[in-house]
Amino acid sequence: MLLKLISLLLVNQAMSQYLSQYEYTRSWNSKRRVVVVHGDNMVEEVKEAVQADGMNCQLSTRNMNIIYLSGDQPQDVAFYLDRGTEVRDLAREDIEDVKGDVRRRSGEWAMLVGYDGGVKMVMEEKVEWEKVFNKIDRMPMRRREIRSGAVCP
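Quick caveat, the model's predicted, so the values are computed rather than measured.

Q: Before we go on, may I ask you to explain the environment of Asp40 in this structure?
A: With respect to the helices, strands and loops of the structure, Asp40 is situated in helix α3 (residues 40-50). In the structure, Asp40 is positioned 28 residues away from Tyr68 in sequence and 9.2 Å away in space, judged by C-alpha atoms. In this view, Asp40 contacts Ser70, Gly71 and Glu108; residues no more than four positions away in its chain are not counted. Here Gly71 takes part through its backbone nitrogen, which lies 3.1 Å from a polar atom of the side chain of Asp40.

Right, here's the structure in full:
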């Protein structure tokens, strides 16, 4: 019985590897806030919004990635002030891993995941970026970042 429980815990841990790479408890230098987006319409809407003037700065100063789980090529897009964006194509296993981490499977949705790996906000019809940024800016760690100068010019 104990062996089965340990095996189950190890499998569960292995299945949660993708999003955990961005948690501050894993590595302070690679901590990221993540918006996970699912559904072709939601992905299209978010990609259009990200192209707006000033969005790269807003996403970069908040240490954000956007993970697109749907569309032609699911991707993990990281935003950085000093080096622009980094795009990584996702494998099928990564997609399923992320869906398992956020405990959502189908439909049109987006979720904000914090540095601790917890889901902070769920959006089902559209992503209202001002609300997302306001939610992040009220977080204690973000307040420290703001005091340290991590804001758009």
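Q: Would you take a moment to explain the state of the cysteines for this structure?
A: Each disulfide is one covalent bond, formed between the sulfur atoms of two cysteines. Across all of its chains, the model carries one disulfide by this definition. Residue Cys57 pairs covalently with Cys152 via a disulfide, S to S 2.1 Å. The S-S bond linking Cys57 to Cys152 shows a torsion near -130°; that makes this disulfide left-handed. Taken together, the residues Cys57 in helix α4 (residues 55-61) and Cys152 in the segment after α7 (140-147) connect sequence positions 95 residues apart. Overall, the relative accessible area of 16% leaves Cys57 in the buried class.

Q: How should I be thinking about unusual backbone geometry in this particular structure?
A: Of all residues except glycine, most have a negative phi; of all peptide bonds, most are trans. Phi is positive for Asn63, which is not a glycine, with a value near 55°. Looking at where Asn63 falls in the secondary structure, it is placed in the loop between α4 and β2 (64-68).

Q: Which parts of the structure should I look at to understand the sheet that holds strand β1 (residues 33-38)?
A: In any sheet, the strands associate via hydrogen bonds between backbone groups, in a parallel or an antiparallel arrangement. Strands sit in the order β4-β3-β2-β1-β5-β6 across an open sheet of six strands; the sheet is mixed. The open sheet has two free edges, formed respectively by β4 (84-89) and β6 (119-123), since each of these has just one partner strand. Taking each pair of neighbouring strands and ignoring which way they run, the sheet shows an average axis angle of 15°. Examined bridge by bridge, strand β3 (residues 75-80) and β4 share six bridges and lie antiparallel to one another. Bridge assignment links Phe79 to a residue of β4, and that residue is Thr85.

Cut-offs used in this document
- Residues numbered from 1 in each chain as written.
- Predicted model: local features only at pLDDT ≥ 70, side-chain atom pairs only at ≥ 80, totals over all residues.
- Heavy atoms only, no water.
- Helix = DSSP H or I, 4+ residues; strand = E, 2+ residues; numbered from the N terminus.
- Contact = heavy atoms within 4.5 Å.
- Polar contact = N/O pair within 3.5 Å; in protein donor to acceptor, adjacent residues only side chain to side chain.
- Disulfide = S-S within 2.5 Å.
- Buried < 20%, exposed > 50% of the residue type's maximum accessible area, 1.4 Å probe, protein only.
- Pairing = 2+ DSSP bridges.
- Axes fitted to C-alpha atoms, helices over the stretch in contact; angles between N-to-C directions.

In short, shape yes, function no, at least from these values alone.
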